[in-house]
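Spelled out, the chains give:
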Amino acid sequence: MPSPYTNKALFILNPKAGVPPVKLFMSAMLGHRKNLQCIKSLSIIESGNLIRENFNKYDVFVAVGGDGTVHTVATELIGSNKILGVLPIGSGNGFAKEFGFKPNIRSLLKDIRQGHSLDIDVIEINNNLCLNVAGIGLDSFVAHSFNKLKLRGFLPYVALTLKTFWQLRPVHITVRCDGEETVSEDLYVLTIANSRQFGNNAFIAPDAVPNDGIIDIVMIRPFPKIMFLNFIIRLFTGRIKRSKYVRYIRTDKEVVIETEETRFHVDGEPLEIKGKVIVRIKRRALKVLKAARNKRFWSSGS
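Each value, and the rule that gives it
Residues numbered from 1 in each chain as written. Predicted model: local features only at pLDDT ≥ 70, side-chain atom pairs only at ≥ 80, totals over all residues. Heavy atoms only, no water. Pairing = 2+ DSSP bridges. Helix = DSSP H or I, 4+ residues; strand = E, 2+ residues; numbered from the N terminus. Axes fitted to C-alpha atoms, helices over the stretch in contact; angles between N-to-C directions. Buried < 20%, exposed > 50% of the residue type's maximum accessible area, 1.4 Å probe, protein only. Polar contact = N/O pair within 3.5 Å; in protein donor to acceptor, adjacent residues only side chain to side chain. Contact = heavy atoms within 4.5 Å. Arc of directions from axis to C-beta. Patch = residues over 30% accessible without salt bridge, like charges linked within 9 Å, V, L, I, M, F, W, Y side chains within 5 Å. Areas by Shrake-Rupley, 256 points an atom, 1.4 Å probe, with all protein chains shown as cover. Salt bridge = Lys/Arg side-chain N within 4 Å of Asp/Glu carboxyl O. Lys, Arg positive; Asp, Glu negative; His and termini not counted. Charge placed at Lys NZ, Arg CZ, Asp CG, Glu CD. Phe/Tyr/Trp six-rings, centres within 6.5 Å; stacked < 30°, edge-to-face > 60°. Lys NZ or Arg CZ within 6 Å of the ring centre and 35° of its normal.

Chemist: What is the right way to read the sheet that holds strand E10 (residues 189–193) from this model?
Modeler: Strand-to-strand pairing in sheets goes through backbone hydrogen bonds, with the strands running parallel or antiparallel. Taken together, the six strands give an open sheet; going across it, the order is E12-E11-E10-E7-E14-E15, and neighbouring strands pair in antiparallel fashion. In the strand order of this sheet, the two ends are held by strand E12 (246–251) and strand E15 (269–272), each with one partner. Across this sheet, the average inter-strand angle for adjacent strands is 20°, counted without regard to direction. Pairing analysis gives six bridges linking strand E11 (residues 215–220) to E12, with the strands arranged antiparallel. Residue pairing across strands places Ile215 opposite Thr251, the latter belonging to E12.

Chemist: Explain the side chain of Thr164 to me, please; I cannot follow it from the model alone.
Modeler: Tracing the backbone shows Thr164 in helix H7 (residues 154–166). Given the relative accessible area of 12%, Thr164 is considered buried. Of the polar contacts made by the side chain of Thr164, one reaches the backbone oxygen of Leu160; its length is 2.8 Å. Apart from the residues within four sequence positions on either side, Thr164 is in contact with Leu138, Phe141 and Val142.

Chemist: Would you explain helix H8 (residues 228–236) in this entry?
Modeler: Residue pairs three or four apart in sequence face the same way in an α-helix, which turns once every 3.6 residues. Every buried residue of H8 is accounted for by Phe228, Phe231, Arg234 and Leu235. Projected down its long axis, H8 carries its buried residues within an arc of 120°, all on one side. Looking at the buried side of H8, the elements it contacts are H7, E11 and E12. A positive phi of about 70° marks Gly238, the residue just after H8.

Chemist: Teacher, can you tell me more about a positive patch on the surface here?
Modeler: A cluster of basic side chains, namely Lys97, Lys102, Lys110, Arg113 and Arg293, defines a positive patch on the protein surface. For Lys102, the location among the structural elements is in the loop between helix H4 (94–98) and helix H5 (105–114).

Chemist: I keep staring at the environment of Lys282 and nothing clicks. Help me out?
Modeler: Counting through the fold element by element, Lys282 comes out in strand E16 (residues 277–289). Classification of Lys282 by relative accessible area gives partly exposed; the value is 30%. The sequence separation of Lys282 and Gly79 amounts to 203 residues, and the corresponding C-alpha distance is 9.7 Å. When sequence neighbours within four positions are dropped, the list of residues in contact with Lys282 reads Ile78, Asp121, Val122, Glu124 and Leu129.

Chemist: Is there a simple way to think about the packing of aromatic side chains in this case?
Modeler: To describe a pair of aromatic rings, you give the distance between the ring centres and the angle between the ring planes. In total, this model carries 12 aromatic pairs according to the counting rule given. Between Phe55 and Phe61 the ring centres are 6.0 Å apart and the planes differ by 25°, which places this aromatic pair in the stacked class. You can call Phe61 buried: its relative accessible area is 0%. A ring pair is formed by Phe165 and Phe223, whose centres lie 5.8 Å apart and whose planes are at 20°; its orientation type is stacked. Note that Phe165 is positioned in helix H7 and Phe223 in the loop between E11 and H8, a separation of 58 residues in sequence. Per residue, the accessibility class of Phe165 equals that of Phe223, and both read buried. Linked through ring pairs, Phe165, Trp166, Tyr188, Phe223, Phe228, Phe231 and Tyr245 together constitute an aromatic cluster. We note Lys82 situated over the ring of Phe55; from NZ or CZ to the ring centre the distance is 5.3 Å. Between Arg263 and the ring centre of Phe141, over which it is positioned, the NZ or CZ distance is 4.0 Å.

Chemist: Looking at this structure, I do not really get the pairing of E16. What am I missing?
Modeler: Each regular strand shows side chains that alternate between the opposite faces of the sheet. Alignment of strand E4 (residues 83–88) against E16, held across two bridges, turns out to be parallel. Looking across to E16, one finds that Ile83 is bridged to Lys287. Bridge count for strand E5 (residues 117–125) against E16 is eight bridges, and the pairing is antiparallel. Bridged to Ile125 within E16 is Val279.

This is a description of form; function is not addressed.
See the structure below:
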């Protein structure tokens, strides 16, 4: 009996993502599945080329890595009928956690066999596409510094975040929604969110839903640094909105951001953006594989 996975799913593996023992284990497991095609990619350009070359051969394209790998693969699938799957082995795995993807190949294969998908929104930030979260401030500064580290994983990320926070200075940012000035002030963090979390269940935008046509904007004003632990607790318990230092805006209109700071991040990847930043929503532009373990979106239209 022919395998249901033949010419079904192409796995794009980022060998630089994740902790070495984990990624070696995942690579070995994939290698033993003769009916699955797995290709290692060493760069964003190479990943794009591999997907385009195999575009008509597969229905599902699986990003094996972290949020950066997911972003790279998804960019090639937006606007098509191809489906994005994720086998998470990155540091934060924010997108994977939101959609119920686990580092479990057997579970993922079952989801691929079922073939159900969910249409989600994508945020446009100038010429860049954001699936999960983007922004400027503490998280973007950490992303730029983390990109230079040789060590990967959760603990090095936490250590770097603490160091960056104690050195943090506010950034002056002006935000306009639909042509009207909404905010012009100093901020520690400005987050543009399509879904709820940075990764590791850190819920920066607890009201965000990735297929509701809404952009969630979260602004954190400077607060006494002795309150950092309190903010971390709020972040991991989904109660960040309750702080008097947080302003939360939800809009389906165009958002314009102006700041002299250029160190942004998009889906956790460092990015330099100069000048005016224009943010728009693209409704239901990407198909994402429905994970059986994630009941949150099963009631949503596919």
